[in-house]
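What the coordinates show
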Amino acid sequence: MVNYPEKFEAFQSPGLKNWTDFEKNAFTPRPFNEEDVDVEIECCGVCASDMHKINGDWGDCPYPLAVGHEVVGKVVRVGSKVTLAKVGQRVGVGAQVYSCLKCKQCQNDNETYCVHQIDTWGQEYLNTGHITQGGYSSHIRVHEYWVYPIPEKLQSAQAAPMLCAGITVYSPLKRFGAGPGKKVGIVGIGGLGHYGIIFAKAMGAEVWAISRSRSKEQDALKMGADGFIATSEKDWNVPHKMTFDLIVNTANATDGFDLNQYLSLLDVHGRWNSVGMPGGEGFNIRNQSFIENGCFIGSTHLGSRREMLEMLQLAADKGLQSWVEELPIGQPGLKEAMDKLKNSKARYRSCMVGYDKAFA
């Protein structure tokens, strides 16, 4: 067994007033169980939900807190009952670290909807008194079910953002039939949206990027989009009314968002699926919005283990490339990553690297 510390280290957000002044602290992980895996972290993606949690958008936060839930690293310890991981293996950890694995949802590949689910950061773990700490840390301790082998063909910093951003869009694309003969729209060309384009195209669908302006049009086309719609242009929705089978909304804001115009794009019983989780009041919805085409509106949460493994293999087999900027883990790098999120400057996902130096 590889040596590792009894205490882990992390760059934690210290409080609401100075949430980007990440401090390097040591913390005691929860007790190690026989189905647990310890991972020495190599890199971790940066997600908008990390920002929303520590900047107060989502309410109370258990400071000090290390966020980050797109983890890739090396297994350094396994419990006596672990069968899904082995020491030395490169693995990933996403945004969830526990579900009961016994309920109806868990038994039907819907474990991300388990009422007992625990997030990678910011939640008490099974009445132990320990608050889960995320991937801006030297190590992470996880139940084996939530540890995923990374295909050899995928580079670590390429794979890391797929573990939340990627699976968040892959799951609805898979579940709602994106594929040959289907027209799919991706709203918002950011960290989530760029994966929406990449995966929908890889699955064989006709893919349209939908954004406020045309500033990201060329990038979207390079990602694989077949067309581009700019919603700031007059009558932007008219040529595409009732032509889309599925629209995945990844936008991180709802200001100035005329939902009726977007829903008008859907074919009869087409689906609008929102996966972004912005702060604020959200959409105002009336039943009249659904009458003309009988469309459905909803959301999805992450994706099952089966979908995660399938997505990673698809990316490996087809050589799918994330658009990722690498930044060194540490206070300056994390502050830069959060500033990029806050100002929509990331192109299109940030990944923290250099863990071997920061946690030497």
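Residues numbered from 1 in each chain as written. Predicted model: local features only at pLDDT ≥ 70, side-chain atom pairs only at ≥ 80, totals over all residues. Heavy atoms only, no water.

Quick notes on the sheet that holds strand 13 (residues 244–249)
Across the sheet, which stays open at both edges, the six strands sit in the order 12-11-10-13-14-15 with parallel pairing between neighbours. On the outer flanks of this sheet lie strand 12 (227–230) and strand 15 (296–299), each paired with one strand and no other. Going from strand to strand, the sheet's axes swing by 20° on average, the running direction of each strand aside. Looking at chain direction, strand 10 (residues 183–187) and strand 13 are connected through four bridges and run parallel. Paired with Val 187 across the two strands is Asn 249, which belongs to strand 13. Strands in contact with helix 4 (residues 165–175) are strand 10, strand 13 and strand 14 (266–274); relative to strand 13, the strand with the most contacts, it is inclined by about 160°. (Pairing = 2+ DSSP bridges. Helix = DSSP H or I, 4+ residues; strand = E, 2+ residues; numbered from the N terminus. Axes fitted to C-alpha atoms, helices over the stretch in contact; angles between N-to-C directions. Contact = heavy atoms within 4.5 Å.)

A word on the UniProt feature "domain: Alcohol dehydrogenase-like N-terminal" (unreviewed entry) in the chain
As annotated in UniProt, the feature "domain: Alcohol dehydrogenase-like N-terminal" (unreviewed entry) corresponds to residues 34–152 in the numbering used here. Across residues 34–152, helical content stands at 9% and strand content at 29%; the span's end C-alpha atoms are separated by 27 Å. (UniProt positions renumbered as here; feature names shortened; annotations may be inferred.)

Let's talk about the environment of Lys 183
With respect to the element layout, Lys 183 can be found in strand 10. Look past the residues within four positions of Lys 183 in its chain and what remains in contact with it is Glu 206, Trp 208, His 240, Thr 243, Phe 244, Asp 245 and Leu 246.

Description of the environment of Leu 265
Structurally, the position occupied by Leu 265 is in the loop between helix 7 (259–263) and strand 14. The exposure class assigned to Leu 265 is buried, which follows from its relative accessible area of 0%. With 30 residues separating them along the chain, Leu 265 and Cys 295 place their C-alpha atoms 9.7 Å apart. Those residues in contact with Leu 265, other than ones at most four positions away along the chain, are Ile 210, Trp 236, Asn 237, His 240, Lys 241, Met 242, Thr 243, Phe 244 and Ile 247. (Buried < 20%, exposed > 50% of the residue type's maximum accessible area, 1.4 Å probe, protein only.)

Description of the nonpolar core
With 93 residues, the main nonpolar core has Tyr 136 and Phe 199 as its most contacted residues. It is helix 5 (residues 191–202) that provides the largest number of residues to this core, a total of seven residues. Ala 251, Phe 257, Trp 272 and Phe 290 belong to the second-largest nonpolar core, a separate cluster that totals 17 residues. (Core = buried A, V, L, I, M, F, W, Y, C linked by side-chain atoms within 4.5 Å.)

Some remarks on helix 9 (residues 305–318)
Helix length check: helix 9, at 14 residues, gives a terminal C-alpha distance of 20 Å against a target of 20 Å (1.5 Å per residue), a fit within 8%. Buried residues of helix 9: Arg 305, Glu 307, Met 308, Met 311, Leu 312, Leu 314, Ala 315 and Ala 316, and no others. (Expected span 1.5 Å × (residues − 1).)

Here we look at the packing of helix 4 against helix 9
For the pair helix 4 and helix 9, the least separation of the axes is 10 Å and the interaxial angle reads 100°. In terms of axis orientation, helix 4 runs roughly perpendicular to helix 9. Contacts between helix 4 and helix 9 involve Gly 166, Ile 167, Tyr 170, Ser 171, Lys 174 and Arg 175 on the former and, on the latter, Glu 307, Met 308, Glu 310, Met 311 and Leu 314. A per-class count over the contact of helix 4 with helix 9 returns five nonpolar, two polar and four charged. (Parallel < 35°, antiparallel > 145°, perpendicular 65-115°, else oblique. Nonpolar A, V, L, I, M, F, W, Y, C, P; charged D, E, K, R; others polar.)

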